[in-house]
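# Report on the structure
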Amino acid sequence: MMFSIPTAFVAFATFVQVVQAGGNSCAASNAKATKSIRFRIAYAPSSMDSSSVSSWADGGGPRTTIAQNGADLSNPFAGREYAGGGRWDILGTTAYGSGYPYGATDVKTIKGRPFPHAMWPISWGPGYLGGEEYWGDDIDLLRPGGAVGTINILTKDTSKWPNVGSDEVYTMIGDKESLTFMISDLVRVCHAAPATPRKFDPTTAGTNSTQPRPENVVQYYRSSSFALAYPKYNNTFALPSSNLTTNHGSVPLPGSIINSPFLRCVNDTIRASLPLMDALSKPKKKLSAGAIAGIVIGSVAGAILLLICCSCDGEIRGQQPSNPTGNPSESQQVAKDYMANADTLKGDQAKPTEDDTALNNKESGPKDKENVVYV
């Protein structure tokens, strides 16, 4: 799988400058930071076909299948369906494996499932609800959007959020590109503090670990490929790996955050702008062999008919009246006599008689001295 991230790289570079700026200049710089992001993912590198993933995108469109022939056999998920998921079904629950618009036929595992939103689900490591097939450094190199990481979300803007406590700190978990955009958008929309991504390693044990755990997740998004966690939330339902991928029996959120305006802003912003794959165009229907044969035969028949019509028209225009005897026909003789009589009449009118000349001279009288004749 191949993908390019020129826009995301610029976004991340801008974001780093924002963090380094500090003070009041941080807010001003962040206001000009990237407000949208687009990167591309390629499930079929051999054909160079790729699809764009965009923030604020609606998603949707037709489903398609990852190629499973030729050079694309190297894709570990060849043959699976992907795409079709939209912004309207981006929300899951507190349970891993929730939020699948289709393909969740086995509620005990996410192994073998399709990718409705084109992105792979995050993995909590080997042995947890089938997520091991998405686990490891090698697979992360192929992951759409880059390796999985985490970013902490908190706010220091007490004028905007006067009731937010210092311990209200959330953690986003997801691919690098999505994290990079979302922290930038949350800084702009929810006045969150700037932060940079960190490595995600859920296998780190111990109470001193800062890594989020499955029982800390308060919301999954985009077919469990993105998550929001709160370290003080302990959803005991998520502890045993044998639990079903539903939210039945999940522990309610802590009272300190259940009505938090800051949490509501964070959740609504992720829901509205988390990058989704743009809708794929519907494949064009190919003509059947019979339809192609019909077009060819019709075209040939039309060309032949056109040639026949042109040939007949030329013969009609080139024909002359035939007279095999050589003698003039009756109509030709009448026309000849008429023309002869017309010439005779014209000749008679053109030659005046002597009486006509004398009469014309008498009536006209002298008009000019030079024309007077004295007798």
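Residues numbered from 1 in each chain as written. Predicted model: local features only at pLDDT ≥ 70, side-chain atom pairs only at ≥ 80, totals over all residues. Heavy atoms only, no water.

Attention now moves to the overall build of the chain. Secondary structure assignment for the chain yields 8 helices and 10 strands. Counting across all 375 residues of the chain, residues that qualify as buried make up 38%. By sequence separation, contacts in the chain at least 24 residues apart represent 66% of the contacts at least 6 residues apart. Within the structure as shown, the chain displays about 21600 Å² of accessible surface, and the carbon and sulfur contribution to it stands at 56%. (Helix = DSSP H or I, 4+ residues; strand = E, 2+ residues; numbered from the N terminus. Buried < 20%, exposed > 50% of the residue type's maximum accessible area, 1.4 Å probe, protein only. Contact = heavy atoms within 4.5 Å. Areas by Shrake-Rupley, 256 points an atom, 1.4 Å probe, with all protein chains shown as cover.)

Within the open sheet, the 5 strands sit side by side as β7-β5-β6-β9-β8. Their pairing is antiparallel. The two strands at the open ends of the sheet, each matched to only one other strand, are β7 (198-199) and β8 (217-221). Pairing geometry for β8 and strand β9 (residues 226-229), over 4 bridges, is antiparallel. In the sheet register, Q219 faces β9, and the bridge partner there is L228. Here helix α5 (residues 261-273) sits on the sheet and contacts β5 (148-153), β6 (170-175), β8 and β9; the angle it forms with β9, its principal contact strand, is near 180°. (Pairing = 2+ DSSP bridges. Axes fitted to C-alpha atoms, helices over the stretch in contact; angles between N-to-C directions.)

Another aspect to go through is the state of the cysteines. Evaluation of the coordinates by the stated rule reveals 1 disulfide. A sulfur-sulfur separation of 2.0 Å characterises the disulfide bridge that pairs C190 with C265. Where C190 bonds to C265 through sulfur, the torsion about that S-S bond is close to -95°, and the disulfide is left-handed. Taken as a pair, C190 in helix α4 (residues 176-190) and C265 in helix α5 lie far apart in primary sequence, 75 residues in all. (Disulfide = S-S within 2.5 Å.)

Moving on to empty space enclosed by the protein. According to the stated counting rule, one finds 2 cavities of 30 Å³ or more in the structure shown. Reported here for the second largest cavity is a volume of approximately 40 Å³. Around the second largest cavity, the lining residues are G60, A83, G84, G85, P116, H117, A118, L276 and M277. Broken down by class, the residue content of the lining of the second largest cavity amounts to 5 nonpolar, 4 polar and no charged. (1 Å grid on protein atoms, 1.4 Å probe; cavity = no way out; pocket = protein on both sides within 12 Å on 5 of 7 lines; lining within 4 Å. Points joined across faces, edges and corners; volume = space filled by probe spheres on them. Nonpolar A, V, L, I, M, F, W, Y, C, P; charged D, E, K, R; others polar.)

Residue alternation in β9 divides its side chains into two sets, F226 and L228 and A227 and A229, and both sets are buried. As defined by bridge partners, β6 adjoins β9 across 3 bridges and the pair is classed as antiparallel. Counterpart to I173 in the pairing with β9 is A227. Counting the residues that bridge the hairpin from β8 to β9 gives 4 residues, and of these R222 lies at a positive phi of roughly 50°.

Let us look at the confidence of the model for the chain. Residue-level pLDDT values for the chain average 75, and 61% of them are 70 or greater. By mean pLDDT, the top-scoring element of the chain is β9 (98), and the lowest-scoring one is helix α1 (residues 6-21) (38). Low pLDDT, under 50, characterises residues 1-34; the stretch is placed with 49 contacts to residues that sit more than four places away or in other chains. Across residues 361-375 the pLDDT falls below 50, and counting only partners more than four positions away or on other chains, this stretch makes 1 contact in the model. (pLDDT = per-residue confidence, 0-100.)

Before going further, it helps to spend a moment on the side chain of S224. Looking at the element boundaries, S224 is found in the loop between β8 and β9. What makes S224 buried here is its relative accessible area of 0%. Only 2.9 Å separates the side chain of S224 from the backbone nitrogen of G97, close enough to count as a polar contact. Here S224 is in contact with A95, Y96, G97, S98, Y100, P121 and I122, once residues within four sequence places are set aside. (Polar contact = N/O pair within 3.5 Å; in protein donor to acceptor, adjacent residues only side chain to side chain.)

As a further point, take the nonpolar core. Ranked by internal contacts, the top residues of the largest apolar core, which has 31 residues, are I153, M172, L228, F262 and I270. Top contributing element to this core by residue count: α4, with 7 residues. The next biggest cluster of nonpolar side chains, apart from the first, holds 27 residues, and it includes Y82, M119, W120 and I173. (Core = buried A, V, L, I, M, F, W, Y, C linked by side-chain atoms within 4.5 Å.)

The subject of this paragraph is the packing of aromatic side chains. For the structure shown, the criterion picks out 12 aromatic pairs. Consider the rings of F77 and Y134, whose centres lie 5.4 Å apart with planes at 40°: the pair is tilted. Linking F77 in the loop between β3 (64-65) and β4 (81-82) with Y134 in the loop between β4 and α3 (137-142), this pair joins segments that are 57 residues apart in sequence. The exposure classification of F77 matches that of Y134, with both residues buried. The rings of F77, F115, W120 and Y134 are connected pair by pair, giving a single aromatic cluster. (Phe/Tyr/Trp six-rings, centres within 6.5 Å; stacked < 30°, edge-to-face > 60°.)

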